[in-house]
Every structure is written in structure tokens, then in C-alpha cells.
Amino acid sequence: MFLLYEYDIFWAFLIISSVIPILAFLISGVLAPISKGPEKLSSYESGIEPMGDAWLQFRIRYYMFALVFVVFDVETVFLYPWAMSFDVLGISVFIEAFIFVLILIVGLIYAWRKRALEWS
């Protein structure tokens, strides 16, 4: 039988974890001083006066490398619990994990063929 009182702790944590950030933003908005001067709007460079424009354009390769790294790093996070309980889960979960890895390998081959992994 499905009873809602079993989830009282869950709802309490959900409400508390939602209220605390909202209160923090509201309190900081009320108490924070509002001052927008030239010092506040200038970019901060370790206490040294900024020289030139603070807006620099980075090459897209940095973002491509970071994106590929994050994808495969998250893949590792998902595969680790699966590998730890492989003997309990059975063949159907093995097939699902195989399809998951296969999709990621296809994505890696696509990125490789588009030369997104070349640095120069």
C-alpha cells in the first residue's frame, strides 16, 4: 500500500533545501549595498590595473576538448556503479550499458572525423 507519510522526511528536506537558497538571495538583495561606480564595473585582475580590453575570444577548440572530456568523464561516473553490481543486475542491464557505450563511441568517432580532437 502506498502511503504518503513514508515520504515526510523527503518532503521536509525538499522544502528546506528550496527555502534556504531563496532566503539567501532575498536577504542578500535587501542587505547588500547598491553602488555601481567605475571601480565596481571594471574587471578585476589580481589587484593590478586592467590593461586593454578585458574581453578576449578563445578558440573553439578549448570548448570542444572540454566538452569531449566532460562527456567521457560523466560516462565513467555512470559506468562505475554498473560495474560494481554487474553480477547482480543480469544480462539485460549489460545490453543497456553496451548500447550506452556504443553511442558514446559513435560520438567519439564523429568528433574524430570532424577533426574536433586535433589541437593544431
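Residues numbered from 1 in each chain as written. Predicted model: local features only at pLDDT ≥ 70, side-chain atom pairs only at ≥ 80, totals over all residues. Heavy atoms only, no water.

Trainee: Is there a simple way to explain the overall build of the chain in this structure?
Mentor: What the chain contains, in helices and strands, is 5 helices and 0 strands. Taken from N to C terminus, the helices and strands of the chain fall in the order α-α-α-α-α. In the chain, which comprises 120 residues, the share counted as buried stands at 5%. Accessible surface for the chain amounts to roughly 11,400 Å². Of this, 73% is attributable to carbon and sulfur atoms. (Helix = DSSP H or I, 4+ residues; strand = E, 2+ residues; numbered from the N terminus. Buried < 20%, exposed > 50% of the residue type's maximum accessible area, 1.4 Å probe, protein only. Areas by Shrake-Rupley, 256 points an atom, 1.4 Å probe, with all protein chains shown as cover.)

Trainee: Can you walk me through the UniProt feature "transmembrane region" (unreviewed entry) in the chain in this structure?
Mentor: UniProt annotation of "transmembrane region" (unreviewed entry) refers to residues 12–34, 62–83 and 89–112 when read in the numbering used here. In residues 89–112, the share of helix is 96% and the share of strand is 0%. The end C-alpha atoms are 33 Å apart. (UniProt positions renumbered as here; feature names shortened; annotations may be inferred.)

Trainee: Looking at this structure, I do not really get the packing of aromatic side chains. What am I missing?
Mentor: The relative placement of two aromatic rings is captured by the distance of their centres and the angle of their planes. Throughout the structure, instances matching the rule amount to 3 aromatic pairs. Ring plane angle 85° and centroid distance 6.2 Å describe the contact between Phe78 and Phe100, whose orientation is recorded as edge-to-face. Of the two residues, Phe78 sits in helix α3 (residues 60–84) while Phe100 sits in helix α5 (residues 91–113), which places them 22 residues apart along the sequence. For Phe100, a relative accessible area of 30% translates into the label partly exposed. Geometrically, the ring pair formed by Trp82 and Phe94 is stacked, given 6.3 Å between the ring centres and 25° between the ring planes. A residue pair is termed long-range when its members are at least 10 positions apart, and Trp82 in helix α3 and Phe94 in helix α5 qualify at 12 residues. Judged by its relative accessible area of 21%, Trp82 falls in the partly exposed class. (Phe/Tyr/Trp six-rings, centres within 6.5 Å; stacked < 30°, edge-to-face > 60°.)

Trainee: Whenever I open this one, α5 confuses me. Can you help?
Mentor: Along an α-helix, a turn takes 3.6 residues, which lines up residues three or four apart on a common side. Between its first and last C-alpha atoms α5 spans 33 Å; for 23 residues at 1.5 Å apiece the expected length is 33 Å, and the two agree. Contacts made by the buried residues of α5 are with α3. (Expected span 1.5 Å × (residues − 1). Contact = heavy atoms within 4.5 Å.)

Trainee: Please explain the packing of α3 against α5 as it appears in this structure.
Mentor: To describe two helices that pack against each other, one gives the angle between their axes and the distance between the axes. One can describe the packing of α3 onto α5 by two numbers: an axis separation of 12 Å at closest approach and a directional angle of 170°. Between α3 and α5, the interaxial angle falls into the category roughly antiparallel. Seen from α3, the contacting residues are Val71, Phe72, Glu75, Phe78, Leu79 and Trp82; seen from α5, they are Val93, Phe94, Ala97, Phe100, Val101, Leu104 and Leu108. Class assignment of the residues belonging to the contact of α3 with α5 gives a composition of 12 nonpolar, no polar and 1 charged. (Axes fitted to C-alpha atoms, helices over the stretch in contact; angles between N-to-C directions. Parallel < 35°, antiparallel > 145°, perpendicular 65-115°, else oblique. Nonpolar A, V, L, I, M, F, W, Y, C, P; charged D, E, K, R; others polar.)

Trainee: What should I look at first to understand a nonpolar patch on the surface in this one?
Mentor: Taken together, Tyr7, Phe10, Trp11, Leu14, Ile15, Val19, Ile22, Leu23, Leu26, Ile27, Val30 and Leu31 make up a surface patch of nonpolar side chains, about 1,200 Å² in accessible area. On the secondary structure map, Ile27 appears in helix α1 (residues 8–31). For Ile27, a relative accessible area of 47% corresponds to the partly exposed category. (Patch = residues over 30% accessible without salt bridge, like charges linked within 9 Å, V, L, I, M, F, W, Y side chains within 5 Å. Salt bridge = Lys/Arg side-chain N within 4 Å of Asp/Glu carboxyl O.)

Trainee: Would you take a moment to explain the side chain of Glu75 for this structure?
Mentor: Along the chain, Glu75 turns up in helix α3. Of the side chains bearing the opposite charge, Arg113 lies closest to the buried Glu75, which forms no salt bridge; the N-O distance is 18 Å. Beyond its immediate chain neighbours, meaning those up to four positions away, Glu75 contacts Phe100, Val101 and Leu104. (Lys, Arg positive; Asp, Glu negative; His and termini not counted.)

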